[in-house]
Amino acid sequence: MTSENLVYLIALPLFSSALLMLLGRKADKWGHIFATLISASTFVIGAIEFFAMIDRPEASRAVTQKLFTWISVGTFNVDAGLLLDQLSIAFVLLITGVGTLIHVYSIAYMSHDKDRRRFFAYLNFFIAAMLLLVLGDSYLNLYVGWEGVGLASYLLIGFWNQKPEYATAAKKAFVANRVGDFGLSVAVMIAFANFGAVSFIGIEEKVGGASETALTAMGLMLLLAAVGKSAQFPLQAWLGDAMAGPTPVSALIHAATMVTAGVYLITRSNFVFDNAPTAQLAVVIVGTITLLFGAIIGMAKDDIKKALAASTMSQIGYMIMASGFGPAGYAFAIMHLLTHGFFKAGMFLGAGSVMHGMNDEVNMRRYGGLAKFMPITSITFGLGYLAIIGVPPFAGFYSKDKIIETAFNAGGLQGVLFGSAALLGAVITAFYMTRLMLMTFFGNKRWAQGSEPHESPFLMWAPMAVLAVGSVASGYLLYSGKAIVKWLAPVVDKNQHEHTEFLPPIVVTTLAVVAVIIGVSIAFIKYRGELSESAPSEVSIFTRVTRRDLLQDDANEFLFMRPGQKLTQLLVKTDESVIDGAVRAVGSSALGSARGMRKLQTGYVRNYALLILIGALVALFAALVAVSYTHLTLPTKRIV
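Keep in mind it's a predicted model, so treat the numbers as computed, not measured. (Residues numbered from 1 in each chain as written. Predicted model: local features only at pLDDT ≥ 70, side-chain atom pairs only at ≥ 80, totals over all residues. Heavy atoms only, no water.)

Caption draft 1: Main features of the packing of helix α5 (residues 139-157) against helix α10 (residues 247-256). Across the interface, α5 lies against α10 with an axial gap of 11 Å and an inter-helix angle of 160°. Looking at the two axes, α5 sits roughly antiparallel to α10. Considering how the two elements wind past one another, α5 and α10 form a crossing that is left-handed. Here Ser153, Leu156 and Ile157 of α5 come into contact with α10, specifically with Val249, Ile253 and His254. Looking at the contact of α5 with α10 residue by residue, the classes come out as four nonpolar, two polar and no charged. (Axes fitted to C-alpha atoms, helices over the stretch in contact; angles between N-to-C directions. Helix = DSSP H or I, 4+ residues; strand = E, 2+ residues; numbered from the N terminus. Parallel < 35°, antiparallel > 145°, perpendicular 65-115°, else oblique. Left-handed = near helix turned anticlockwise from the far one by under 90°. Contact = heavy atoms within 4.5 Å. Nonpolar A, V, L, I, M, F, W, Y, C, P; charged D, E, K, R; others polar.)

What follows is the structure, given as structure tokens:
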């Protein structure tokens, strides 16, 4: 089916962003309200499309819209087109719904910022780019949105770029994302070379005739793209520094939407990965490493936003892992992505609320006992906490536990290894999130005298309350009657695969709940009492290494930055000595010759007369030599 309404989903936020930027200071008084209304309008359009999709038969639910012919060369044609199906509508509702709540929150949070209008312009630009990413009907159209969200992320991380460390964080994120973008561009080239098409439908129709080598190469390049955008191992180092941006940015871009784009890319490319087992296994391995890597980092972070960033990295690791299990895991990856969008966005906004009440303090060791002074923030944050650690019946209990179950159901040694890793991640998640709750909202008061905490205004806590409701109910609603599995099956599991059970679900659920209890208990024992800042000498080596993000920046510096600097220095020296040296040598020779010739131009007539005489004698001598040589060599005529 075709629709003419899809373009408005992208055009409205893009137009509002451009308008706010072009009007400049003239829009300062109303720009934030205008941007919020536009974001809300896109959500309404998305909701209308969703209910219309429900009313249509399953085979006719996907709708398309052709915008214009983008590339037409011989038999190769690419349209700038949009595709709205069961997968993309889930993202549309998440992006616009959570995005609108964050807009409302930002009205109050950014109220004292003189550049609030520019901030909202960037937010709407991001929403437009993210919607294009999930609505594009080909890898080329997706790529445009992919680059757009990368640019928006850079602009918003470095929004307060008057601080050098914030500008550096923005550049770090931009460079890491460019590495992933290289993978996506190569994947597009592989698709064109092997299929003569870059649209999802065109590739899916021809994928059966492609070699496994080509599909594996394309899958690995798509994985590289996902690794860069979703902050997965080994390109995860940028996400913690991305917390330099305003907190609403962390909630929208670096928790709920942009960093989950890698999960969308892999799930959307299911027809590639399902035919490339090696690439599929690589996806599972990357997700497993990252979920443990991020969880371990989260254990030692004292900065509340960076602790949540490490948690985001870990939870997306769960999603990536699930997507690597193919049709058995795609739906649960998206399910956890959606539930995570509620509870993690809510917790990031809660962190912003805590910072608002604590004069922008981010060190949890200087919090304590805030539940009494910020009851709404503590309750809404607490509901998100219960969701992320997987306490029944909160959202994470349904989504994350199904991923753990899927990992065990892989069977054999792989199933045991990946399932055990997922369970270990659940233990660590329960530990570091309980640590965060105890250090922030309970225990002894550790803030400075004269800085009494206070609750945030209505425009800040109201969106937190809505997200808290999602943290409670979204898991049940999505899994009730296997709703999410049935909804996504036409996109990610067309053949309706039968999924085996390695362990009964009740066993996995019991193991997951026990894992939560263990993690919470350890954190409660360690952090229930008095807490103060430890001197560096009192901190263990493991804690110091973990606080340095398990030396990921050190590794990048050693493996890439320092060799890159050495290579650059070598190239500069080569350029100066060889290339520039050759150019200088030519110039020096010409200059030397000119200097020598200049000595002949003295300005004295006697010198010129002498030169003329010498020249005449040389010419005469040369003529005589020539005549003599000719006489000797010419043949002599015989007289008969």
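Caption draft 2: Looking closely at the environment of Tyr330. Position of Tyr330 among the secondary structure elements: in helix α15 (residues 330-357). Residue class for Tyr330 comes out buried when judged on its relative accessible area of 0%. Taking the C-alpha atoms as reference points, Tyr330 and Gly262, 68 residues apart in sequence, are found 13 Å from one another. (Buried < 20%, exposed > 50% of the residue type's maximum accessible area, 1.4 Å probe, protein only.)

Caption draft 3: Representation of the pattern of salt bridges within the structure. By the definition in use, this model includes 17 salt bridges. Its salt-bridge partner being Arg117, residue Asp28 comes within 3.2 Å of it at the nearest N-O pair. Placement of the pair is Asp28 in the loop between α1 (6-23) and α2 (31-55) and Arg117 in helix α4 (residues 116-135), with a sequence separation of 89 residues. Note on Arg117: relative accessible area 8%, which makes it buried. Ionic pairing is found between Asp241 and Lys172, a salt bridge with its closest N-O pair at 2.7 Å. With Asp241 in helix α9 (residues 238-241) and Lys172 in helix α6 (residues 164-195), this pair connects stretches of sequence that are 69 residues apart. A relative accessible area of 24% places Asp241 in the partly exposed class. (Salt bridge = Lys/Arg side-chain N within 4 Å of Asp/Glu carboxyl O.)

Function cannot be inferred from these measures alone, as they are strictly geometric.
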